[in-house]
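Summary of the model geometry
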Amino acid sequence: MKYLFSVLLAGLLFVNAFAQQKSNTNIDLHLKWEIIENNHQGQQQSLAALTLTTGKQFTLPAKGWKLYFNFLRPVIAGSVTGGLDITHINGDFHYLAPKARFNGIAKNSSLKAQLLTMYWLINKTDSPRGFYLVWDNAPNKFYPLSDPELIPSTQPKQFARSLNDNIAKTTPQFIYEQNKTIRDIPADSLIKIFPTPQSYRPTVDKFILTAGTKIVNDAAFNRESAYLKNELDKLLLPAKTLPGGSINLVKKQMPEEAYELSVTNTQVTISASSASGIFYGIQSLKTLIQPSAYGKKQATVLIPGVNVTDGPRFGYRAFMLDVARNFQPKKEILKLLDLMSLYKLNVFHFHLTDDEGWRLQIPALPELTTVGGKRGHTLDNSRNIQPSYGSGPFASNTTFYTKADFIEILKYAADRHITIIPEIETPGHARAALKAMDARYRNFISQNKPLQAQQYLLRDLSDSSKYTSVQYFNDNVIDVSLPSTYQFIETIVSEVKQMYIEAGTRLQTIHFGGDEVPAGVWEKSPAFFSLMKRDTTIKSSDDLWAYYYGRVNQILKANNLYLTAWEEVGTYKVMQNGKKATVINPALANVGIHLEVWNNVLGWGSEDLAYKLANSGYKVILSNVTNLYFDMAYNKSFQEPGYYWGSYADESASFSFIPYDYFKNVTVDRLGNVISAATLLNKEKLTDKGKQNIIGLQGALWGENLQNTGKLEYVLLPKLLGFAERAWAADPDWAIETKIVKSRELYQAAWSKFVNILGKRELPRLTYYAGGFQYRIPEVGIIKANKLVTANSGLPGFDIHYTTDGKKPVATSPVYTRPLSASKLKFGLINIAGRSGRVTTVENK
């Protein structure tokens, strides 16, 4: 009888729900997500729960529906409870559906479904998102739901990735201990130019800048003069009757990008031999200006007297932004170029394509953006590619840069002495391109035009190879055995090169990816077998790697370009002792290829790969994940967004980076375990020859979690400023010092100066600069002792505000000045515009 009742109830729910479906498109279904524990049953798996709650007028039936969503972790098959199951479609795309004996969820009721996932779930970024409901009998109608309510983790078992995870959860007490060594330095004592110049001597003079100030320049610096005038107009009220002295842009023999800056009572002089040197002198002049001047136009702006001689440590100072995973509007790109130029960064690595999107219009191949540039609900990827990272079911047409957009961006960058390196990710991470060219193939086949259909096809249609990429795609790798692949590459190179020509700027290189191609690709490709017969140097599918990049390099050379790529391009696989091993490929060394090296993950075994490649003759750009990946979470907190697979990294990670000896200040691995000195001694060190091959540094920001510009700016800043200091400023004394204790003392003094500059000069400036940035404001540090609550800040210059009534602190709330005894307190660090960081709540019992 009990079973019969369940069947009747399920049937009733099914009928009622479908009647409801026809009359009501409002799906009143609330979701809640919680992490139960990591390291479940002592394995690399996590136990979590998704609770579904129906509203007063909504019933979820026993069958006939699917709930689609994005989730970055694989769900272990058969682990879902509650009569539900989760099916993995591809990448991070899944759906939840009822099993045969699911009874449905009645109105105003809840069902808690537990599930096991592979690996770890630590913070809110690890939660599923982008949920939408689809009824089986109406597969083309989609009903988006709000993202799940997230239940914050609080217990140790929810934060420990394994028994060996010794990185503690970030608490207010932990933050207090971090902050307590910071010295508050008077603002007038700080160097007023950032990044730190080579030589800085303040004087007692003061130059009064007005709208009447004249700009006098050498003819070679006309563009920089026009730029400077435009920048000053943003600060000054139009009152030209005021006397204003002059700013002189003078040609003088100096090294490339170097400059001199002199400010006296009557004039400002910037001297350089190059236009870029003059431009960087202008940026230093801008950071000399008091930050508050950027908030509101004034009749006069006071500039303190200085004598400065300066130049960069590295000629290559790059920032990489991934816009493929989540598109960023052109306006934001221009804003970021302004930010880069202010801090003297000169290369913008534009990651335009990946599995989840193709973001640059290629007129010869429109499908790349009409199909590959759009995400929305699909099971066949015929009109768009699948949702990713919570993008939802509805495809958008505004998710790529038109040719005109890109040319505008190129011109804007050139005016700011920034070189743009476009990245076309291949042969892996190429699903958007693959699906776009599949769509092109089907279109021409339907017109009975087989030659045109196959012209740019990127896969062998008969390939039965099986593989899974790092992001769980099974169809994201271009077949490098196909001749059509190289016609595709040649067309892309030609089209991109033409855009640079029309922008009046020079294309020097294209980045052609090269990372994370999974095992198993090409092994059963008929095109591969055919190529092996024609080319006897190819003995296995592993040999296709060097074959592909050799041909890509030839295509680029024919266009007077050089190849830039990720580190894997400088390696290949060989058999050693019966196992595959990755070794340096000497064939592509010493031919001008530039490699960006990210993998120094502490504990993975390739910590010294960058130095090995440089020592072997490759030109290397250091982009170390442990220090220079800005998408890594600032700290280990449930509320702190970001990934953590490589490390946790705040602004100290980039600031503390030692490019030529990054092992020097390494003490623990990515799980917080002590690394022995013997382990580091066995790693390859940089030789004098290798040092000459380190051409520069790159900070990288991957876009999986950048769903809007606010999220982008939060994870980027202030990390970018620590990076800018390391890329421009001279090798610091703490990095050179050989005595460990002395080095740490020097570092702490330098760190105090840096965070004082952040809090009292650069972050206040960025509150307004270029329209204002939503930089991260840290939490307040707290300790409790003797019924008193003591607070501190990691940003001297930002006031700590508090409340005792349970409300969120605001700019008008009391300013913390001494320990407090109230029983309930909320603290927040607030900037000059009244914006608060995350609030810290204290129960003082």
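Rules used throughout
- Residues numbered from 1 in each chain as written.
- Predicted model: local features only at pLDDT ≥ 70, side-chain atom pairs only at ≥ 80, totals over all residues.
- Heavy atoms only, no water.
- Helix = DSSP H or I, 4+ residues; strand = E, 2+ residues; numbered from the N terminus.
- Rg over C-alpha atoms; globule rule 2.2 N^0.38 Å.
- Buried < 20%, exposed > 50% of the residue type's maximum accessible area, 1.4 Å probe, protein only.
- Contact = heavy atoms within 4.5 Å.
- Areas by Shrake-Rupley, 256 points an atom, 1.4 Å probe, with all protein chains shown as cover.
- Lys, Arg positive; Asp, Glu negative; His and termini not counted.
- Charge placed at Lys NZ, Arg CZ, Asp CG, Glu CD.
- Phe/Tyr/Trp six-rings, centres within 6.5 Å; stacked < 30°, edge-to-face > 60°.
- Lys NZ or Arg CZ within 6 Å of the ring centre and 35° of its normal.
- Pairing = 2+ DSSP bridges.
- Core = buried A, V, L, I, M, F, W, Y, C linked by side-chain atoms within 4.5 Å.
- Expected span 1.5 Å × (residues − 1).
- Axes fitted to C-alpha atoms, helices over the stretch in contact; angles between N-to-C directions.
- Salt bridge = Lys/Arg side-chain N within 4 Å of Asp/Glu carboxyl O.

What the protein contains, in helices and strands, is 21 helices and 32 strands. The C-alpha radius of gyration computed for the protein amounts to 29 Å, which stays within 12% of the reference 28 Å derived for 845 residues, consistent with globular compactness. Dimensions along the principal axes, computed over C-alpha positions, put the protein at roughly 95 × 75 × 60 Å. Within the protein, the fraction of its 845 residues that count as buried is 58%. When contacts within the protein are restricted to residue pairs at least 6 apart in sequence, those whose partners lie at least 24 apart make up 74%. With an accessible surface of roughly 34,600 Å², the protein has 53% of that area assigned to carbon and sulfur atoms. Between the mean site of the 94 positive side-chain charges and the mean site of the 74 negative ones, the protein shows a separation of 5 Å.

On to the environment of tyrosine 643. With respect to the helices, strands and loops of the structure, tyrosine 643 is situated in the loop between α14 (625-628) and α15 (651-655). Judged by its relative accessible area of 13%, tyrosine 643 falls in the buried class. Each C-alpha atom of the pair tyrosine 643 and phenylalanine 444 lies 42 Å from the other, and the pair is 199 residues apart in sequence. Each residue touching tyrosine 643, except ones within four places of it in the same chain, is listed here: Leu72, Thr125, Tyr389, Asp631, Met632, Ala633, Glu704 and Asn705.

It is worth spelling out the packing of aromatic side chains at this point. The geometry of an aromatic ring pair is captured by two quantities: the separation of the ring centres and the angle between the planes. Scanning the entire structure with this criterion turns up 51 aromatic pairs. Lying across the ring of tyrosine 95, lysine 66 places its NZ or CZ 5.6 Å from the centre. Taking NZ or CZ as reference, lysine 344 lies 5.4 Å from the ring centre of tryptophan 728, over its face.

This part takes up the pairing of strand β29 (residues 788-792). The element β29 is extensively covered by neighbouring structure, given that four of its five residues are classed as buried. Where strand β28 (residues 781-785) and β29 come together, five bridges link them in antiparallel fashion. Residue pairing for β29: lysine 784 is matched across the bridge by valine 789. Between β28 and β29, which pair antiparallel in sequence order, lie two residues; one of them, asparagine 786, sits at a positive phi of approximately 55 degrees.

It is worth spelling out the nonpolar core at this point. Ranked by internal contacts, the top residues of the largest apolar core, which has 180 residues, are Phe488, Leu766 and Phe827. Top contributing element to this core by residue count: helix α21 (residues 740-766), with ten residues. In terms of nonpolar packing, the next biggest core, distinct from the first, is built from 38 residues, Ile35, Ala113, Leu133 and Ala633 among them.

This part is about helix α5 (residues 330-342). In this model α5 runs 19 Å from its N-terminal to its C-terminal C-alpha over 13 residues, within 8% of the 18 Å that 1.5 Å per residue would give. Counting buried positions along α5 yields eleven of 13 residues, so the element is predominantly enclosed.

Our next topic: the environment of serine 525. Position of serine 525 relative to the elements: it lies in the loop between β21 (509-511) and α11 (526-534). We classify serine 525 as buried; its relative accessible area is 0%. In sequence terms serine 525 and alanine 97 are 428 residues apart; their C-alpha atoms lie 35 Å from each other. Residues in contact with serine 525, not counting those within four places in the same chain, are Asp460, Asp463, Ser465 and Asp479.

In this section: helix α10 (residues 483-503). Counted at 1.5 Å a residue, the expected span for α10 with its 21 residues is 30 Å, and the 31 Å between its end C-alpha atoms agrees. For α10, the full list of buried residues reads Ser484, Thr485, Tyr486, Phe488, Ile489, Thr491, Ile492, Val493, Val496, Met499, Tyr500 and Ala503. Phi for glycine 504, located one or two positions after α10, is positive at around 75 degrees.

The mixed open sheet is built from four strands, whose spatial order is β6-β2-β1-β9. Two strands lie at the open edges of the sheet, namely β6 (110-118) and β9 (149-151), each paired on one side alone. The average undirected angle you get between the axes of adjacent strands in this sheet is 20 degrees. Bridge count for strand β1 (residues 29-37) against β9 is three bridges, and the pairing is parallel. Paired with glutamate 34 across the bridge in β9 is isoleucine 151.

Now for unusual backbone geometry. Cis peptide bonds are those with omega within 30 degrees of zero, and the linkage from phenylalanine 194 to proline 195 qualifies with 0 degrees. Between threonine 426 and proline 427 the backbone carries a cis peptide bond, its omega angle lying at -15 degrees. Even without glycine at this site, lysine 344 takes up a positive phi of about 65 degrees. Mapped onto the fold, lysine 344 is located in the loop between α5 and β17 (347-351). With a phi close to 70 degrees, tyrosine 472 is a non-glycine residue in the positive phi region. With respect to the element layout, tyrosine 472 can be found in the loop between α9 (450-454) and α10.

Within the open sheet, the five strands sit side by side as β4-β5-β3-β7-β8. Their pairing is antiparallel. With one partner strand each, in any of the chains shown, β4 (84-90) and β8 (143-144) form the two edges of the open sheet. Here strand β3 (residues 65-70) runs beside strand β5 (residues 93-98); their pairing, made up of four bridges, is antiparallel. Within β5, the residue paired with tyrosine 68 across the bridge is tyrosine 95.

On to the pattern of salt bridges. Per the counting criterion, the structure on display carries 34 salt bridges. The salt bridge involving lysine 66 is made with aspartate 136; its shortest N-O contact spans 3.3 Å. Of the two residues, lysine 66 is situated in strand β3 and aspartate 136 in the loop between β7 (129-135) and β8; the sequence distance between them amounts to 70 residues. Relative accessible area serves as the criterion here: at 21%, lysine 66 is assigned to the partly exposed category. Aspartate 542 is paired through a salt bridge with lysine 580; the nearest N and O atoms lie 2.9 Å apart. Residue aspartate 542 is located in the loop between α11 and α12 (544-558), and its partner lysine 580 is located in strand β24 (residues 579-584); the two are separated by 38 residues in the primary sequence. Residue classification places lysine 580 among the partly exposed positions, given a relative accessible area of 49%. Several salt bridges converge on common partners, so that one network encompasses Asp322, Arg325, Asp354, Glu356 and Glu704.

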